[in-house]
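Structure assessment
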Amino acid sequence: MRYFSYLIIFLLNVFVLMLSLHAGIFTYYPVSVFLSPVAPPVTFAGSGTYPTFIGSANTSAVVDVVANKALHVYDYDVGGRVVVLRTVTQSLASGGIFSIQWVAFVTNYTDPSGVGVILQEIQVNIDGSPYYVSIYYYGGNQVYFQGPGTPTYVYPVDMSVAHVLNITVSRPAANRLRISYYVDNSLAYTYDYSIPRRAAVTIYSVEGGRYDTSNAYDLYIDDVRMRSVTGVITSEDFEDGVDNFFVNSYSSGNAGKVVVYYTFPKIFLLARNNDTKTYACKLIISPLTAPVTASFYVRNSTHTSTSIKIKNSVIVGETSEVLLGGGSYTYMYLNITAPLTASLPITFNLQFVYRVYDSDGVTVYYPITVKFG
Amino acid sequence: MKAERKLIALLAVAALVSIVNASVFVYYPITVNLQPTQPPIIFSKGKNAGEQDLYGSTIGVSMGSANTSLTITVHPTYQTNYYKNITVINNIDSSDSSNSYYVAIRVNKALSNSDSKITEAKLLIFDSSGTNIAVVDLLTTGTTSWLGPLNANGKWFVDINITISETGGSPGSAPFTSDSASLQLIYSPQNVESAP
């Protein structure tokens, strides 16, 4: 009992000693945090493309993207091929006109053998021999106009967005064909091709895709409009979920065509820099799991960011930065596709992120909700 | 007569009591020696102190002459504003590798948030490896538990995250005029006792 008492007393002494060593030493430093808010230096504005709700301070946005349908022409097989085709077989007499038009966007292009992708083509038979009037894409920001009797014409065009393509073949005189290429409703190139006066000219077919193999790509086609030599208009917007136009198509391997929910790359939101200093901006996206393929990116007047990429889930979660100069705009783009079996709407939760260029001192995040469907 | 005698007796007793209690004063000598030292914990400016803030302002970080007081001024706008690496907490007590200090942050006066525009206001502390070791809510008063220890020659980095609702706001005006919070950084070589 005595030893136990000694032990208790000893432990108490140790405890008191520890307290005397460490306790009671508390040092206090004052810290003040002042908030002096400012008006938002960067504000949103609607693009006019889609119904958009902008928050009262223009620092948030909800965008309702209409899920239109389009034809997805895909070739994911370097040994496969797909050609979407409609046989026409109409004679083009002197004074006749035939044209084909559709909206096209090509993406995910790989072409190690350089065979290209035909964005649009008319096969014209002259006295039974086939001639092809084509718009090719080989990569980069240009397309190639190819036709009979003329060198290939290279036409520079921004291929990060869709374009309205039109080829018109007319016969202004018995011995001449006039071939005209239009991009976004503007004449891009035209020339005349001499033919025998008594030549039998037949508009044989219209097509897209590529017969040659070894490439891989996605091609989206919408709003097809064909003017026959008799002036009859045939159109197809795929909104019934069925392709009633390219009825003579063929494919092999992992390639084909299917009608899907689709939006061509379009501006869905603008951001304006109200400040005089330059900001760097980008988009980031929250995790998502849905049967959808999508990309989002940002552009200023000279540069395009890398893309957010989604294929059933987020593959790349943020874009690279582009600069937003004082008083200038940046443009936010989207490109979304989903199978017709997808349950809509699909909601994308993004954030527009900006910081003072050359500094990571302050970073500002604005929420953006994109509803597809 | 009896009453007079009683009164006299009571006065006598009172006088006696006062004699007994008075004039007994005992004095022990106590010496308090102050031997000030340089502060072992000091503030310093973070990488982004003085960098450009939104519009024409800068991220304001100022310290007292001994780096033992700190004032931070930031200029957020609507939505989420993240200020990174604006202040550093340094343990400069390198006399002994065991000279570590535990640190706590006390919010004495929270942001007033009078119109409820601020939906989130956090002061975040990270160690040199980037690990978050504290999130201090600037909207409520209170004291964190002891953090650390902050080892000799160690550094901790301070970020601030402010989220302001845009409800009722306007693109041409600031969300509100100003607001402030008063805090204390508290440190101690022990973490057994809480700071008073």
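Because the structure is a prediction, the values reported are computed rather than measured. (Residues numbered from 1 in each chain as written. Chains lettered and ligands numbered in written order. Predicted model: local features only at pLDDT ≥ 70, side-chain atom pairs only at ≥ 80, totals over all residues.)

This next bit is on the overall build of chain A. Within chain A one finds one helix and 26 strands. For chain A, whose C-alpha radius of gyration is 31 Å, the value lies well above the compact-globule estimate of 21 Å for 373 residues. Summarising its shape, the C-alpha atoms of chain A cover approximately 130 × 55 × 35 Å along the three principal directions. Here chain A, with 373 residues, has 40% of them falling under the buried criterion. Residue pairs at least 24 apart in sequence account for 68% of intrachain contacts in chain A once pairs closer than 6 positions are excluded. (Helix = DSSP H or I, 4+ residues; strand = E, 2+ residues; numbered from the N terminus. Rg over C-alpha atoms; globule rule 2.2 N^0.38 Å. Buried ≥ 20, exposed ≤ 12 C-beta atoms within 10 Å, placed from the backbone. Contact = placed C-beta atoms within 7 Å.)

Confidence in the prediction of chain A, expressed as mean pLDDT, is 92, and 94% of residues score 70 or more. Counting contacts from residues 10-21 of chain A, a segment whose pLDDT is below 50, to residues more than four positions away or on other chains yields zero contacts. (pLDDT = per-residue confidence, 0-100.)

Among the nonpolar cores identified, the biggest contains 139 residues, and Ala 104 and Val 169 of chain A together with Val 103 of chain B are the most heavily contacted of them. Among the elements that make up this core, the one with the highest residue count is strand β19 (residues 255-273) of chain A (eight residues). Per-domain counts for this core show at least three residues from each of domain 1 (42-68 + 263-372) and domain 2 (77-253) of chain A. In contact with Val 169 of chain A, not counting residues within four places along its chain, are Leu 92, Phe 98, Ile 122, Val 124, Val 133, Leu 177, Ile 179 and Ile 203 of chain A. (Core = buried A, V, L, I, M, F, W, Y, C linked by C-beta atoms within 7 Å. Domains from an automatic or database assignment.)

All names here are of chain A. Read from one edge of the open sheet, seven strands run β11-β10-β9-β8-β15-β6-β18, paired in antiparallel fashion. Strands at the two margins of the open sheet, each flanked by one partner only, are β11 (150-156) and β18 (250-252). Neighbour-to-neighbour, the strand axes of the sheet open up by a mean angle of 15°, direction not taken into account. In this sheet, strand β15 (residues 201-210) lies alongside strand β8 (residues 117-126) in antiparallel orientation, the contact comprising seven bridges. Its bridge partner lying in β15, Val 124 is registered against Ile 203. (Pairing = 2+ DSSP bridges. Axes fitted to C-alpha atoms, helices over the stretch in contact; angles between N-to-C directions.)

What follows is about the interface of chain A and chain B. Counting residues at the interface gives 38 residues for chain A, matched by 57 residues for chain B. Contributing elements (two or more residues each) for the side of chain A that touches chain B: β1 (27-35) and β26 (362-372) of chain A. With nine residues, β1 of chain A is the single largest residue contributor to the side of chain A that touches chain B. The class makeup of the residues in the side of chain A that touches chain B is 22 nonpolar, 13 polar and three charged. Pairing between β1 of chain A and strand β11 (residues 179-188) of chain B: nine bridges, direction antiparallel. (Nonpolar A, V, L, I, M, F, W, Y, C, P; charged D, E, K, R; others polar.)

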